[in-house]
Number of protein chains: 2
Amino acid sequence: MGVTTVVYEGGMKFVGRGASGHPVVMDAATASGGSDQAARPVEVLLSSLGGCTGMDVISILGKMKTPVESLRITVDDDRAPDYPKAITRIRLTYHIVGRVPPENIERAIELSLSKYCPIANTLGGVAEITSEYRINEIA
Amino acid sequence: MGVTTVVYEGGMKFVGRGASGHPVVMDAATASGGSDQAARPVEVLLSSLGGCTGMDVISILGKMKTPVESLRITVDDDRAPDYPKAITRIRLTYHIVGRVPPENIERAIELSLSKYCPIANTLGGVAEITSEYRINEIA
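Residues numbered from 1 in each chain as written. Chains lettered and ligands numbered in written order. Predicted model: local features only at pLDDT ≥ 70, side-chain atom pairs only at ≥ 80, totals over all residues. Heavy atoms only, no water.

1. Quick notes on the domain arrangement of chain A
Applied cut-off: Throughout, the edges of the domains are those of an automatic or database domain assignment.
Structurally, chain A comprises domain 1 (1-38) and domain 2 (41-136). Its C-alpha centre places domain 1 of chain A at a distance of 24 Å from the equivalent point of domain 2 of chain A.

The structure is reproduced here in C-alpha cells:
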C-alpha cells in the first residue's frame, strides 16, 4: 500500500501522509504539551475504523440498490486501565436513515466486519468488536 | 476516552470527530467510487500509530534534555494478500536529526512501543511491529 510518513511539526503536532498524499494532522491536548490544533492519535485510529467500515456499508448498500440517506457511525472503545492503555473492546453503532431493509443493513455490516474492512479485521484480532444499528430513529 | 463519531458526507467521504472535536477526514480513490479529497482509512490508521509513538519520543527526549531538531517516522505495513487484507507486520523507522545520544533514542523508542503508546500496544497484539532509527543521516 506504500509507506506512510509522519512528520513532526513542533510542539506535539504531527502530520501523516500515505500514498494518496493527503494530510492526517494530529496534536496533543494543552495539558499534554500540545496546542490542541488537531485530533488526538487514538481519535484518529477510531475514526479510521469508522471510515473503513462506513465506506464498505455505503458501497454494499449501493450495490444492493438500497442506498442510505444518511449514515453516522459511533465508535466507542474500552481501554485497559494501566499503561499502555491498550484498546480491549470496540462498540460500533451504525445510525442509518433511509428506506433500507434491515436485512440489507445487517448483511452489509457483517460483510464489512468479517470480510472487507482491513482495519476491523486487524483490530478484531486483539480487541472484541461488537456492532449494532439503528434505523430511522427519532433523535 | 469518549465516543468518536464518524459522519458520512456523500460519495465515499467520511469525517470523524472524537472528544477533542477536531475533524479527521477520509475519502476513497476515484477508482473506488470516491473523490480523492482526503486520506484513505488505512493511511489514517498508520498515521495514528506514527503520531502516537512520535509524541512519546518527543516527550521522552525532551524530559531527557536531549530534544530533537527534526523527527520523521515512516510506517510501512505488510498486508495479507486476500480479503480482508489484515495488517500482519508494521515497520517503523525513526529519522532523527539533532544532538541526541543513540542510547536516549533507543530508550525513548523502547518506552513508547512497550509501555506508553496505546496504539502500538493494541496493534502489536495482532501485527508484528519492528523499529529502527537513523540519526543525522545525509539525505
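2. Some remarks on the relation of the copies chain A and chain B
What counts is decided by this rule: In superposing the copies, a least-squares fit is computed on C-alpha atoms, taking residues whose pLDDT is at least 70 in both. By definition in these notes, contact holds between two residues if any of their heavy atoms fall within 4.5 Å.
You can overlay chain A on chain B at an RMSD of 0.0 Å; the transform is a turn of 180° with a shift of 0.0 Å along its axis. Between the two chains, the operation in question is that of a two-fold axis. When each C-alpha of chain A is compared by its distance to the rotation axis, A:Leu45 comes out closest, at 2.6 Å. Mapped onto chain B, 100% of the interface residues of chain A are again interface residues, and the two copies thus contact each other with one and the same surface.

3. A closer look at the interface of chain A and chain B
It is common to give the size of an interface as the accessible area that goes away when the parts come together. Which entries qualify depends on this criterion: Defined here as a combined quantity, buried area equals the accessible surface (1.4 Å probe) lost by two parts on assembly, summed across both. For this document, the term salt bridge refers to a Lys or Arg side-chain nitrogen within 4 Å of an Asp or Glu carboxyl oxygen. Helix numbers and strand numbers start at the N terminus; a helix is a DSSP run of H or I with at least 4 residues, a strand a run of E with at least 2. Whether two strands pair comes down to DSSP finding at least two bridges between them.
Tallying the contact residues gives 66 residues for chain A and 66 residues for chain B. The junction of chain A with chain B conceals about 5300 Å² of combined surface from both sides, 71% of it contributed by carbon and sulfur atoms. Here chain A and chain B share 0 salt bridges between them. Of all the elements in the fold, those that place two or more residues in the side of chain A that touches chain B are β1 (4-8), β2 (14-17), β3 (23-26), α1 (41-63), β4 (70-79), α2 (102-116) and α3 (118-123) of chain A. Ranked by residues supplied to the side of chain A that touches chain B, first place goes to α1(A) with 15 residues. As paired elements, β4(A) and strand β1 (residues 4-8) of chain B share 4 bridges and run antiparallel to each other.

4. Structural notes on the state of the cysteines
Residues and elements named next belong to chain A. Filter applied, for reference: In this description, the term disulfide denotes a pair of cysteine sulfurs within 2.5 Å.
Taken as a whole and assessed by the stated rule, the structure comprises 2 disulfides over all chains. What pairs with Cys 52 in a disulfide is Cys 117, and their sulfur atoms sit 2.2 Å apart. Residues Cys 52 and Cys 117 are joined by a disulfide whose S-S torsion is about 135°; by sign, that bridge is right-handed. Taken together, the residues span a long stretch of sequence, with Cys 52 in helix α1 and Cys 117 in the loop between α2 and α3 at a distance of 65 residues.

5. Description of α2(A)
Residue and element names in this part refer to chain A. To keep things clear, this is the line we draw: By this rule the span expected of a helix is its residue count minus one, scaled by 1.5 Å. Residue exposure (1.4 Å probe, protein chains only): buried if accessible area is under 20% of the type maximum, exposed if over 50%, otherwise partly exposed.
If you check α2, its first and last C-alpha atoms are 20 Å apart, about what 15 residues at 1.5 Å a residue would give, namely 21 Å. Of all the positions in α2, only Asn 104, Ile 105, Ala 108, Ile 109, Leu 111, Ser 112 and Leu 113 are classed as buried. Next to the buried residues of α2 lie α1, β5 (87-97), α3 and β6 (128-135).

6. Let's talk about the pairing of β5(A)
The pairing of β4(A) with β5(A) spans 10 bridges and is antiparallel. Counterpart to A:Asp76 in the pairing with β5(A) is A:Arg91.

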